[in-house]
Amino acid sequence: MNLYPYFILLVFFALALYFIFRKKKVVVAKLSNTDKDLLLNHVEFYAELNAEKKSIFEEKLVHFLGRTKIEGIGVEVSPLDRILVGASAVIPILGFKDWEYRNLGTVVLYPDTFNKDFQFAEGDRNIMGMVGDGYMNGQMILSQSALRHGFSKSAGSENTGIHEFVHLLDKSDGATDGVPQYFMKHDYTIPWVKMMHKEIQKIEDNKSDINPYAMTNEAEFFAVTSEYFFENPERMKDKHPALYDSLSKIFGQQL
Ligand SMILES: [Zn+2]
């Protein structure tokens, strides 16, 4: 009697049972100590968090890095670059419980300048960063040197990485318009728009220390003042207390 077909059948069932009942491995990725050192030494925002918030930050960072490709064009992506891209992504969302950047697959790093022909690059900033639109949807481009500069001591209130991720948050409701609808109560929209216009007017009148690039439009105002909020909260509290309060509400963070 030929047992071979039975044997094959047995193997088949064994395999089927294995795949049905095997335990799904839950991969709890952790940051390496080297990564933590990079964070501590290069990301002041992280260094100043308490232990509990540091661990939330790390969890979100691991999650982001696990689902986002980071590629270099004409540059090598160093471990520090990965950490800085991740930190730029996590800083604005640290106060949101389960937020994910669903509209992002890849972050592309360019050495310094990028192709001027990109249709959706933004004004003066087109050499520093942009969030892709249209056929570039799901992609973000950052200049490696601007990314690194944003986390250096000399960057002041500017941080290109944070700027671009704030655009992405703004864009998540379908309109990059300075009004991140998912993150603000509906009845707060009009006061927020009024505040933006008032602050833009102050910049126009030369009575503000906010980077004039914020005058471009509401979306740029929101991105530029968010950089300021995360990079220099003490100064913002002092110079623009109402704006600080609004951004603090939007991001769910007290700095
Ligand atoms: Zn911008």
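Worth saying up front: this structure is predicted, and the values here are computed from it rather than measured.

1. Some remarks on the pairing of strand 4 (residues 139-143)
If a strand is regular, its side chains alternate between the two faces of the sheet.
(1) Moving on: Most of strand 4 sits inside the fold, with 4 of its 5 residues counted as buried.
(2) Moving on: Pairing between strand 2 (residues 106-110) and strand 4: 5 bridges, direction parallel. The partner of T106 across the bridge, within strand 4, is Q139.

2. A closer look at the packing of helix 5 (residues 79-90) against helix 7 (residues 160-171)
(1) Moving on: One can describe the packing of helix 5 onto helix 7 by two numbers: an axis separation of 8 Å at closest approach and a directional angle of 45°. Here helix 5 lies oblique to helix 7, going by the angle between them. The interaxial crossing formed by helix 5 with helix 7 has right-handed handedness. Residues L84, V85, S88 and A89 of helix 5 lie in contact with helix 7, whose contacting residues are G161, I162 and F165.
(2) Moving on: A per-class count over the contact of helix 5 with helix 7 returns 5 nonpolar, 2 polar and no charged.

3. A short note on helix 8 (residues 189-204)
(1) Moving on: If you check helix 8, its first and last C-alpha atoms are 23 Å apart, about what 16 residues at 1.5 Å a residue would give, namely 22 Å.
(2) Moving on: Where helix 8 is buried, its residues touch helix 9 (218-231) and helix 11 (241-251).
(3) Moving on: Count one or two residues on from helix 8 and you reach N206, which has phi positive near 65°.

4. Description of the packing of helix 7 against helix 9
(1) Moving on: Relative orientation of the contacting elements helix 7 and helix 9 amounts to 130°, with a least axis distance of 9 Å. Between helix 7 and helix 9, the angle is such that the two are oblique. Taken as a pair, helix 7 and helix 9 cross one another with a handedness that is right-handed. Together, I162, H163, V166, H167 and D170 of helix 7 and A219, F222, A223, V224, S226, E227 and F230 of helix 9 make up the contact between the two elements.
(2) Moving on: Broken down by class, the residue content of the contact of helix 7 with helix 9 amounts to 7 nonpolar, 3 polar and 2 charged.

5. Examining the environment of I91
(1) Moving on: One can find I91 in the loop between helix 5 and strand 2.
(2) Moving on: Distance from I91 to L61, taken between C-alpha atoms, is 9.4 Å for residues 30 residues apart in sequence.
(3) Moving on: Setting aside its immediate chain neighbours within four residues, I91 contacts F45, I162 and F230.

6. A few points about the pairing of strand 2
(1) Moving on: By the bridge criterion, 4 bridges tie strand 1 (residues 69-72) to strand 2 in an arrangement that is parallel. Looking across to strand 2, one finds that I70 is bridged to V107.
(2) Moving on: Read as a crossover between parallel neighbours, the route from strand 1 over helix 5 to strand 2 is left-handed.

7. What about the sheet that holds strand 1?
(1) Moving on: Ordered in space as 1-2-4-3, the 4 strands form an open sheet in which the pairing is mixed. Only two strands of the sheet have a single neighbouring strand rather than two, namely strand 1 and strand 3 (129-131). Averaged over all neighbouring strand pairs, the angle between strand axes comes to 15°, with direction disregarded.

8. Side note on the confidence of the model for the protein chain
(1) Moving on: Across the protein chain, the average pLDDT comes to 87, with 85% of residues at 70 or higher.
(2) Moving on: Ranking the elements of the protein chain by mean pLDDT puts helix 1 (residues 4-21) last, at 67, and helix 5 first, at 98.

9. A look at the environment of S226
(1) Moving on: By secondary structure assignment, the location of S226 is in helix 9.
(2) Moving on: Looking at S226, the number of C-beta atoms within 10 Å reads 24, which means it is buried.
(3) Moving on: With 17 residues separating them along the chain, S226 and L243 place their C-alpha atoms 9.9 Å apart.
(4) Moving on: Beyond its immediate stretch of four places on either side in the chain, S226 contacts P92, I162, V166 and L247.

Cut-offs used in this document
- Residues numbered from 1 in each chain as written.
- Predicted model: local features only at pLDDT ≥ 70, side-chain atom pairs only at ≥ 80, totals over all residues.
- Buried ≥ 20, exposed ≤ 12 C-beta atoms within 10 Å, placed from the backbone.
- Helix = DSSP H or I, 4+ residues; strand = E, 2+ residues; numbered from the N terminus.
- Pairing = 2+ DSSP bridges.
- Axes fitted to C-alpha atoms, helices over the stretch in contact; angles between N-to-C directions.
- Parallel < 35°, antiparallel > 145°, perpendicular 65-115°, else oblique.
- Left-handed = near helix turned anticlockwise from the far one by under 90°.
- Contact = placed C-beta atoms within 7 Å.
- Nonpolar A, V, L, I, M, F, W, Y, C, P; charged D, E, K, R; others polar.
- Expected span 1.5 Å × (residues − 1).
- Right-handed = clockwise from strand over helix to strand, strands pointing away.
- pLDDT = per-residue confidence, 0-100.

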